[in-house]
Amino acid sequence: MISIKLNFGGFVPLSTVDWRGRSACVVFFRGCPVHCTYCQNATLLAGSDVRDTEEIIGMIRDSLLAISGVVFSGGEPTAQKEALLSLARATKKMGLAVGVHTNGVYPETLDALIRERLIDHVALDIKARWARYNNLLRGDYVKDVQKSLALCKEAHEQGHLPEFEVVITLFRGYDDEVPIIAQEAGTVDMVLQQGVTGNVRPLSEEEMKKIADRLARSVKIRTREGGEIVYEGDRSRRSARKRQR
Ligand code: SF4
């Protein structure tokens, strides 16, 4: 058997907050080329902890009785294509669903996962309108993220990717980004996630609802204080449903 290595970032044996509606374990990959200033997992951006994927498969197997899916997160899981494919294949063989949290800068990895029907859920971060993208990230990734968005949308429409959502991490003063990104997302599920960085006061749930009102569509709003809610907009505020994190 060929041994495939992974630059490993960590493992959570059981999580109920990383994949809505599922109990899952979470495999963190180490390393990400993008280096967002607000990264919540900054300790995973550098360093090395090389493991054999067989070891990680063993960890997943140990969680098997408690979970119905595996989330691959990071860092950036799609940066380590062969390791991710290998782990996704093993996960599927165990009868579990596969979810990936990604910044979309490696569309070829997503394409390979979709082609092999190895993926059930993608949460794709879109960080800004395209015109501002390269100011925020270290490197030029606009075309790659656009490609990832297009191929996930297409796969979702064709039924090859059961769940697809666009995630916007939202900071005070960046409200104007949201309608523009929403246009790119189209009808895809959208999550507004509270951004937390440095001394900047995070947006409250109420402030995020006001921003969402400009979209005239249903969104999910995720904050540290309130967990995740489904927000249908001001005209139907009554139908906003609290979800447990
Ligand atoms: S893309 Fe994600 S993992 Fe990478 S630096 Fe940004 S927030 Fe961190």
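Use the structure listed above.
Residues numbered from 1 in each chain as written. Predicted model: local features only at pLDDT ≥ 70, side-chain atom pairs only at ≥ 80, totals over all residues.

Trainee: Just to check I follow, could you spell out the overall build of the protein chain for this structure?
Mentor: Scanning the protein chain for helices and strands turns up seven helices and eleven strands. In terms of C-alpha radius of gyration, the protein chain reaches 18 Å, essentially the compact-globule figure of 18 Å for 245 residues. Dimensions along the principal axes, computed over C-alpha positions, put the protein chain at roughly 55 × 40 × 40 Å. Expressed as a percentage of contacts within the protein chain between residues at least 6 apart in sequence, the contacts between residues at least 24 apart total 64%. (Helix = DSSP H or I, 4+ residues; strand = E, 2+ residues; numbered from the N terminus. Rg over C-alpha atoms; globule rule 2.2 N^0.38 Å. Contact = placed C-beta atoms within 7 Å.)

Trainee: It is not clear to me how the nonpolar core should be interpreted in this structure. Could you clarify?
Mentor: A general tendency of soluble globular proteins is for nonpolar side chains to be buried together. Judged by nonpolar contacts, the single largest core of 59 residues is most densely connected at Val70, Phe72, Val122, Leu124, Cys152, Ile168 and Leu192. Apart from residues no more than four positions distant in its own chain, Val122 is found in contact with Val100, Thr102, Leu110, Cys152, Leu161 and Phe164. (Core = buried A, V, L, I, M, F, W, Y, C linked by C-beta atoms within 7 Å. Buried ≥ 20, exposed ≤ 12 C-beta atoms within 10 Å, placed from the backbone.)

Trainee: Explanation requested: the site of the ligand in the structure shown.
Mentor: Around the ligand sit Cys32, Val34, His35, Cys36, Cys39, Asn41, Leu45, Gly74, Gly75, Glu76 and Asn103, and that is every residue in its neighbourhood. Residue classes in the shell around the ligand are distributed as five nonpolar, five polar and one charged. (Near = placed C-beta within 6 Å. Nonpolar A, V, L, I, M, F, W, Y, C, P; charged D, E, K, R; others polar.)

Trainee: Would you explain helix 2 (residues 81–93) in this entry?
Mentor: Note that an α-helix has 3.6 residues per turn; residues three or four places apart therefore point the same way. Given a rise of 1.5 Å per residue, 13 residues ought to cover 18 Å, and the 18 Å separating the end C-alpha atoms of helix 2 matches this to within 8%. Looking only at helix 2, the buried set comprises Ala83, Leu84, Ser86, Leu87, Ala88 and Thr91. Turning to helix 2, the residues buried within the fold contact strand 1 (5–15), strand 2 (24–29), helix 1 (53–63), strand 4 (69–73), strand 5 (97–102) and helix 3 (107–115). Looking one or two places after helix 2, you find Gly95, whose phi comes out positive at around 85°. (Expected span 1.5 Å × (residues − 1).)

Trainee: What is the right way to look at unusual backbone geometry in this model?
Mentor: Trans peptide bonds make up most of the peptide bonds, and negative phi angles are found at most residues other than glycine. Residues Gly74 and Gly75 are joined by a peptide bond in cis, for which omega reads 15°. Note that Gly75 resides in the loop between strand 4 and helix 2. Phi is positive for Arg117, which is not a glycine, with a value near 55°. Turning to its location among the elements, Arg117 is positioned in the loop between helix 3 and strand 6 (121–125). Residues other than glycine seldom take positive phi values, yet Ala216 does so here, at roughly 50°. Note on placement: Ala216 falls in the loop between helix 7 (205–213) and strand 9 (219–223). C-beta crowding within 10 Å serves as the criterion here: with 11 such atoms nearby, Ala216 is assigned to the exposed category.

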